[in-house]
Amino acid sequence: MIEVGPAAFMGLAAVLFTLGLYGAVARKSAVMVLMSLELMAVSVNLNVVALSRFVTPTEMTGQVFAIFTMVVSAAEIGLGLALVLAIYRQTRSIELTTMDSLKG
Amino acid sequence: MLSGYWHFLPEVLVVAAALAALFGEYLPGKDRGTAYLGAVVAALAALLVAFGGTAAPMVFGQVEPDGIARFARTGVAGLTAVWLLWVAGRGMPGERRREAVALALFAASGGMLLSMAEDLIVMYIALELSTMPAYVLMGYRRSDVPGLEGSLKYFLLSMLTSIVMLYGLSFVYGISGTTAFSGIDLSAGGILGVIAVLLVLVGLLAKMSAAPFHYWAPDAYAGGAPVAVAFVSTVPKIAGIAVMTRLFGAIAPGVPALPLVLASAAALSMVLGNLAALPQSDIRRLMAYSGVAHTGYLLMALAAGTSMGYIATVFYAVAYAVPSMAVMLVAAEEGVELSDLAGLARTRPWVAWSMLVWLLSLIGIPPLAGFFGKLYLFGAALDAAMVWLVVLGVVTSVISAGYYFRVVREMFLAEPGAGVADAADGAVVTARSRSAATALVLCAVATIAIGLAASPLLASLGVRL
């Protein structure tokens, strides 16, 4: 029987978070960026739930935290997709690289 | 336990007004009436908060309506009322306004809750509630491609930084074993505690558009309608700063490096923001960079880490937000290019003189709000022996006069231009509007009044001078 400790969960969360961060920065399609952001949000949830299990096993604080962040990130993704859709209707493109009407 | 719940009455009123605004077509006066209703309710909420007194932590210690919360909540609700009053007069460019009213009120309720959050979960929910309507306001006009692109960029960056911050918060929770600010103790975390604080800092600094995470703000603001930028760049900032004072007060004891990191971010923001604002000709960009600079001033007192520093920070957040919103509202009336303001002193003298008051306050000229705000900020930093930061703050304030006076010169010395030059972006308004004028006058009066009443206000925040 292999003992799975908090480090394993936190390691997995860190890997997911890094993958998501890479995707969010490197991807050109707005939808892929949104999916990468969702991956990061999931890694945070994993982290919180695992920490809750190992740090405060008698309380549900982390689980409650995770439920709240899930709802918020679902709402955010909905909003993000609505924005992407609105832009797609105007420009027929969701590539972030074509969005250069604003230059800093 | 239940007796203290009337402290939430202002938030309840604001949310109720927001829900009512969604059904604006059934309200008397339709859209305009909706905006008036929102303005009245928000003003009522501000008064209720201002005269409502303070309380010990309540609802299982998750919120604390103390002096800092009272000041920030009053600022959030009051500025929302002013903004709605302006919207009642001028409307949103190209679209009906009832959803904008609802969104602004939802964001205000989030900001008011955020100002008194004493728990990581409450803070996160309230932070999202105060920023999420902002994305929609920025992309409010569905046919406006630059506005939508600005909104999407703002959204993607804001969400990325939210999640980075949340990742940090998950470690803060893991190390402390609790989500309550009062129970946070990172001294046991070692390297993990440092990582957690760095992640939280990256998220919060980016949200406050502090250097080096500020680059999104000018782009996002330059795409949005000026009236949306007026709300988005000011109201959520007050609440964000208020919760930062609470959070940093909780985590500072366990992280010795925090003041140095904040001081570096402050120095970088002041220098980069003020220098980048100098060559701008778009008022939205100019105010975005000036916002970066002012975040730098705020971080200076946060870095001091004293209770006087935290109070000065919240005071200046409001003292900055009032004139900043007013300048953007004038840009929404006159046009967003600097040249659109040419000859304003001759065409609309009272607007030009009000602009002068706001710009002088932003520079920090006595006896206006900005002067006392900066005085307290610098004083708090001096008490914490950060002399170099104060010197940098004074020098960059002088530099900032350079671009603010360019606006003044344009208004008072340049010849009036074509006036209705680019009605295409919906920004140029020539018709008179009494409520919009009232909103601007209120901003000017508030800028002077906050300055004149600085010491009683500070006393209400808990300072004994």
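Residues numbered from 1 in each chain as written. Chains lettered and ligands numbered in written order. Predicted model: local features only at pLDDT ≥ 70, side-chain atom pairs only at ≥ 80, totals over all residues.

Engineer: Could you give an account of the overall build of chain B, naming the residues involved and the relevant values?
Structural biologist: If you tally the helices and strands in chain B, you get 19 helices and 0 strands. Compactness check: chain B gives a C-alpha radius of gyration of 21 Å against a globular reference of 23 Å for 465 residues, within 12% of the reference. Overall, the C-alpha framework of chain B stretches about 65 × 50 × 45 Å when taken along its three principal axes. When each of the 465 residues of chain B is scored for burial, the buried share is 65%. Nonlocal contacts in chain B, meaning residues at least 24 apart in sequence, comprise 80% of its contacts between residues at least 6 apart. (Helix = DSSP H or I, 4+ residues; strand = E, 2+ residues; numbered from the N terminus. Rg over C-alpha atoms; globule rule 2.2 N^0.38 Å. Buried ≥ 20, exposed ≤ 12 C-beta atoms within 10 Å, placed from the backbone. Contact = placed C-beta atoms within 7 Å.)

Engineer: Lay out the overall build of chain A with the relevant residues and their values.
Structural biologist: When you go through chain A residue by residue, the secondary structure sums to 3 helices and 0 strands. The N-to-C order of helical and strand elements in chain A reads α-α-α. A compact globule built from 104 residues should have a C-alpha radius of gyration of about 13 Å, whereas chain A, at 17 Å, is more than 25% larger. Expressed as a percentage of its 104 residues, the buried residues of chain A come to 34%.

Engineer: Give a detailed account of the interface of chain A and chain B, specifying residues and quantitative values.
Structural biologist: Each partner contributes to the interface: chain A provides 34 residues, whereas chain B provides 34 residues. Elements supplying a minimum of two residues to the side of chain A that touches chain B: helix 1 (6-26), helix 2 (30-55) and helix 3 (61-91) of chain A. Considering every element that reaches the side of chain A that touches chain B, the biggest residue donor is helix 3 of chain A, with 17 residues. For the side of chain A that touches chain B, the class distribution of residues is 23 nonpolar, 10 polar and 1 charged. (Nonpolar A, V, L, I, M, F, W, Y, C, P; charged D, E, K, R; others polar.)

Engineer: Could you give me a rundown of helix 1 (residues 9-22) of chain B, with the residues and numbers involved?
Structural biologist: The periodicity of an α-helix, 3.6 residues per turn, causes residues three or four places apart in sequence to face the same way. All names here are of chain B. Here helix 1 contains 14 residues, and its C-alpha end-to-end distance of 20 Å stays within 8% of the 20 Å for a straight helix at 1.5 Å per residue. Every buried residue of helix 1 is listed here: Pro-10, Glu-11, Val-14, Val-15, Ala-17, Ala-18 and Ala-21. With its buried residues spanning 160° around the axis, helix 1 presents them on a single face. (Expected span 1.5 Å × (residues − 1). Arc of directions from axis to C-beta.)

Engineer: Lay out the packing of helix 3 (residues 67-90) of chain B against helix 18 (residues 434-452) of chain B with the relevant residues and their values.
Structural biologist: Residues and elements named next belong to chain B. Two numbers describe how helix 3 lies on helix 18: the axes approach to 6 Å, and their chain directions differ by 155°. Considering the angle they form, helix 3 stands roughly antiparallel to helix 18. Between helix 3 and helix 18 lies a crossing whose hand is left-handed. When helix 3 is examined against helix 18, the residues Val-82, Leu-85, Trp-86, Ala-88, Gly-89 and Arg-90 are found in contact with a partner set consisting of Arg-434, Ser-435, Ala-436, Thr-438, Ala-439, Leu-442 and Cys-443. (Axes fitted to C-alpha atoms, helices over the stretch in contact; angles between N-to-C directions. Parallel < 35°, antiparallel > 145°, perpendicular 65-115°, else oblique. Left-handed = near helix turned anticlockwise from the far one by under 90°.)

Engineer: Explain the environment of Ile-365 of chain B residue by residue, including any values.
Structural biologist: All names here are of chain B. Positionally, Ile-365 belongs in the loop between helix 15 (349-363) and helix 16 (369-383). Residue class for Ile-365 comes out partly exposed when judged on the 18 C-beta atoms lying within 10 Å of it. The spacing of Ile-365 and Gly-451 is 86 residues in sequence and 10.0 Å in space, taken between C-alpha atoms. Excluding residues that lie within four positions of it along the chain, Ile-365 makes contacts with Leu-360 and Phe-371.

Engineer: Could you give me a rundown of unusual backbone geometry, with the residues and numbers involved?
Structural biologist: A cis amide bond, omega 0°, links Ala-211 of chain B with the succeeding residue Pro-212 of chain B. Along the chain, Pro-212 of chain B falls in the loop between helix 7 (191-207) and helix 8 (216-223). Here the bond from Pro-366 of chain B into Pro-367 of chain B is cis, since omega is 5°, no more than 30 degrees from zero. Locating Pro-367 of chain B in the fold gives a position in the loop between helix 15 and helix 16. Look at Arg-92 of chain A: it is not a glycine, yet its phi comes out positive at around 60°. Even without a glycine there, the phi angle at Ala-385 of chain B is positive, about 65°. Examined against the element boundaries, Ala-385 of chain B turns out to sit in the loop between helix 16 and helix 17 (387-412).

Engineer: Hey, could you go over the environment of Trp-358 of chain B for me, with residue numbers and the actual values?
Structural biologist: Residues and elements named next belong to chain B. Tracing the chain through its elements places Trp-358 in helix 15. The spacing of Trp-358 and Ser-324 is 34 residues in sequence and 7.4 Å in space, taken between C-alpha atoms. Those residues within four positions of Trp-358 in sequence are excluded, and the remaining contacts are Pro-323, Ala-326, Val-327, Cys-443, Ala-444 and Thr-447.

Engineer: Describe the confidence of the model for chain B, listing the residues and the values that go with them.
Structural biologist: Residue and element names in this part refer to chain B. Summary statistics for chain B give a mean pLDDT of 87 and a share of 95% for residues scoring 70 or more. Mean pLDDT values for the elements of chain B range from 83 in helix 19 (residues 454-460) up to 93 in helix 4 (residues 98-115). On the interface metric, ipTM, the complex scores 0.93, and its pTM is 0.92. (pLDDT = per-residue confidence, 0-100.)

Engineer: With reference to specific residues and values, describe the packing of helix 5 (residues 120-138) of chain B against helix 6 (residues 145-176) of chain B.
Structural biologist: Residue and element names in this part refer to chain B. Contact pair helix 5 / helix 6: the axes reach a minimum separation of 9 Å and the direction vectors enclose 175°. Regarding the angle of helix 5 to helix 6, the classification is roughly antiparallel. Here helix 5 contributes Leu-120, Tyr-124, Glu-128, Thr-131, Tyr-135 and Met-138 to the contact with helix 6, which in turn contributes Gly-147, Gly-150, Ser-151, Tyr-154, Phe-155, Ser-158, Ser-162, Leu-166, Leu-169, Val-172 and Tyr-173. By residue class, the composition of the contact of helix 5 with helix 6 is 10 nonpolar, 6 polar and 1 charged.

Engineer: Any chance you could break down the confidence of the model for chain A for me, citing the residues and the numbers?
Structural biologist: Residues of chain A with pLDDT of at least 70 account for 92%, and the chain-wide mean is 87. Across chain A, the element-wise mean pLDDT spans from 90 in helix 3 of chain A up to 92 in helix 2 of chain A.

Engineer: Lay out the environment of Tyr-140 of chain B with the relevant residues and their values.
Structural biologist: All names here are of chain B. For Tyr-140, the position within the fold is in the loop between helix 5 and helix 6. Once the C-alpha coordinates of Tyr-140 and Pro-93 are considered, the two residues, 47 residues apart in sequence, prove to be 8.9 Å apart. Setting aside chain neighbours within four positions, we find Tyr-140 in contact with Met-92, Glu-95, Ala-100, Ala-225 and Ala-228.

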